[in-house]
Amino acid sequence: MANKLTENDIQYLKRCLELAAEAVNAGDEAFGSVLVDDSGTIITEARNRVNEKTVLAHPEIDLAYGAAENLTEKERAATTMYTTGEHCPMCAAAHGWVGLGALVYLSSAEQLANWQKESALPAAPINFLPVEEIIKNIAVRGPGDGELLAEIKRLHQKSWLSD
Ligand SMILES: [Zn+2]
């Protein structure tokens, strides 16, 4: 399994949680992500906009597009992506193609699938794979635990109740 989160990771994930909460309040699903450069500065932020745009409007692919357009290859490789949920295969592929650096996630795809099952949601139309099976040589930390993990679960359940 992936590595444990650091104190630093937790600070960035708290910002991701705020973005996920903003998404839920706007009627979207509870996903938020930030891209951080090698000095620790948040370069860009994104949240789920599936209801607002299209079913493909996941925050991580949004950040990957932004990085592809605005950062050099070297800058991209030095970034870390923080996200409330482990990438789906589409976002993992985007992360890999754009050559972003490490990935830190709060909940794993497996945990999310279990929560969806608990809430009797219909299954996703695609299979989820651990990001390491899609992105070669990626450094990954996650999932988180405790209050932080409980918070993202609560946000997901809130978004599903309002569907
Ligand atoms: Zn995705």
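Residues numbered from 1 in each chain as written. Predicted model: local features only at pLDDT ≥ 70, side-chain atom pairs only at ≥ 80, totals over all residues. Heavy atoms only, no water.

### Quick look at helix α4 (residues 89-98)
We count it as follows: Under the scheme applied here, a residue whose accessible area is under 20% of the maximum for its type counts as buried, over 50% as exposed, and between as partly exposed, the area being computed with a 1.4 Å probe on protein chains only. Put simply, DSSP marks the helices as runs of H or I at least four residues long and the strands as runs of E at least two long, and each gets a number from the N terminus on. Only heavy atoms matter for contacts: two residues are in contact if any of them lie within 4.5 Å across the pair.
The complete set of buried residues in α4 reads Pro89, Cys91, Ala92, Ala94, His95 and Val98. Residues of α4 that are buried in the fold lie against α2 (59-70), α3 (73-77), β3 (80-85) and β4 (102-107).

### Describing the coordination of the zinc ion
Convention followed: Donor atoms: N, O and S within 2.8 Å of the metal, or within 3.2 Å for Na, K and Ca. Because water is excluded, sites can look incomplete.
Those donors, His58 (ND1), Cys88 (SG) and Cys91 (SG), are the protein atoms that reach the zinc ion, and they lie 2.0 to 2.3 Å from it. Each donor residue of the zinc ion lies on one chain, and together they are spaced H-x29-C-x2-C. Note on accessibility: Cys88 and Cys91 belong to one class, buried.

### Here we look at the packing of helix α1 (residues 7-25) against helix α6 (residues 146-161)
How we decide: Note on definitions: angles span 0 to 180 degrees between N-to-C directions of axes, and those axes are lines fitted to C-alpha atoms, for helices only across the stretch in contact. An angle counts as roughly parallel when it lies under 35 degrees, as roughly antiparallel when it exceeds 145, as roughly perpendicular when it falls between 65 and 115, and as oblique in every other case. The nonpolar class holds Ala, Val, Leu, Ile, Met, Phe, Trp, Tyr, Cys and Pro. Asp, Glu, Lys and Arg form the charged class, and all remaining residues, Gly among them, are polar.
In the contact formed by α1 and α6, the axes pass within 10 Å of each other and the chain directions differ by 10°. Between α1 and α6, the interaxial angle falls into the category roughly parallel. Where α1 approaches α6, its residues Ile10, Leu13, Lys14, Leu17, Ala20, Ala21, Val24 and Asn25 are matched on the opposing element by Leu148, Glu151, Ile152, Leu155, Lys158 and Ser159. Across the contact of α1 with α6, the residue classes break down as nine nonpolar, two polar and three charged.

### Comments concerning the nonpolar core
This is how the line gets drawn: Residue types Ala, Val, Leu, Ile, Met, Phe, Trp, Tyr and Cys, when buried and joined through side-chain atoms within 4.5 Å, form a set referred to as a nonpolar core.
Core analysis: the largest hydrophobic core is formed by 22 residues, its most contacted members being Leu13, Val34, Tyr82, Leu106 and Ile152. Looking at this core, the elements that each hand over two or more residues are α1, β1 (32-36), β4, α5 (109-118) and α6. Apart from residues lying up to four places away in sequence, Val34 is in contact with Tyr12, Arg15, Cys16, Leu19, Ile42, Thr44, Glu45, Leu63, Thr80, Met81 and Tyr82. Membership of the second largest hydrophobic core comes to 20 residues, among which are Leu71, Cys88, Leu100 and Val140.

### Concerning unusual backbone geometry
Here the bond from Gly142 into Pro143 is cis, since omega is -5°, no more than 30 degrees from zero. Along the chain, the position of Pro143 falls in the loop between β5 (140-141) and α6. A positive phi angle, close to 55°, is found at Ala120, a residue other than glycine. Checked against the element boundaries, Ala120 lands in the loop between α5 and β5. A residue is classified by how much of its surface remains accessible, and Ala120, at 65% relative accessible area, is exposed. Positive phi is not limited to glycine here, since Asn137 has a value of about 55°. When you line up the elements, Asn137 lands in the loop between α5 and β5.

### A few points about the pairing of strand β2 (residues 42-47)
Our working definition: At least two bridges found by DSSP between two strands is the condition for calling them paired.
Where β1 and β2 come together, five bridges link them in antiparallel fashion. Of the residues in β2, the one forming a bridge with Leu35 is Thr44. Once β1 ends, the chain turns through five residues before running back antiparallel as β2, passing Gly40 with a positive phi of about 95°.

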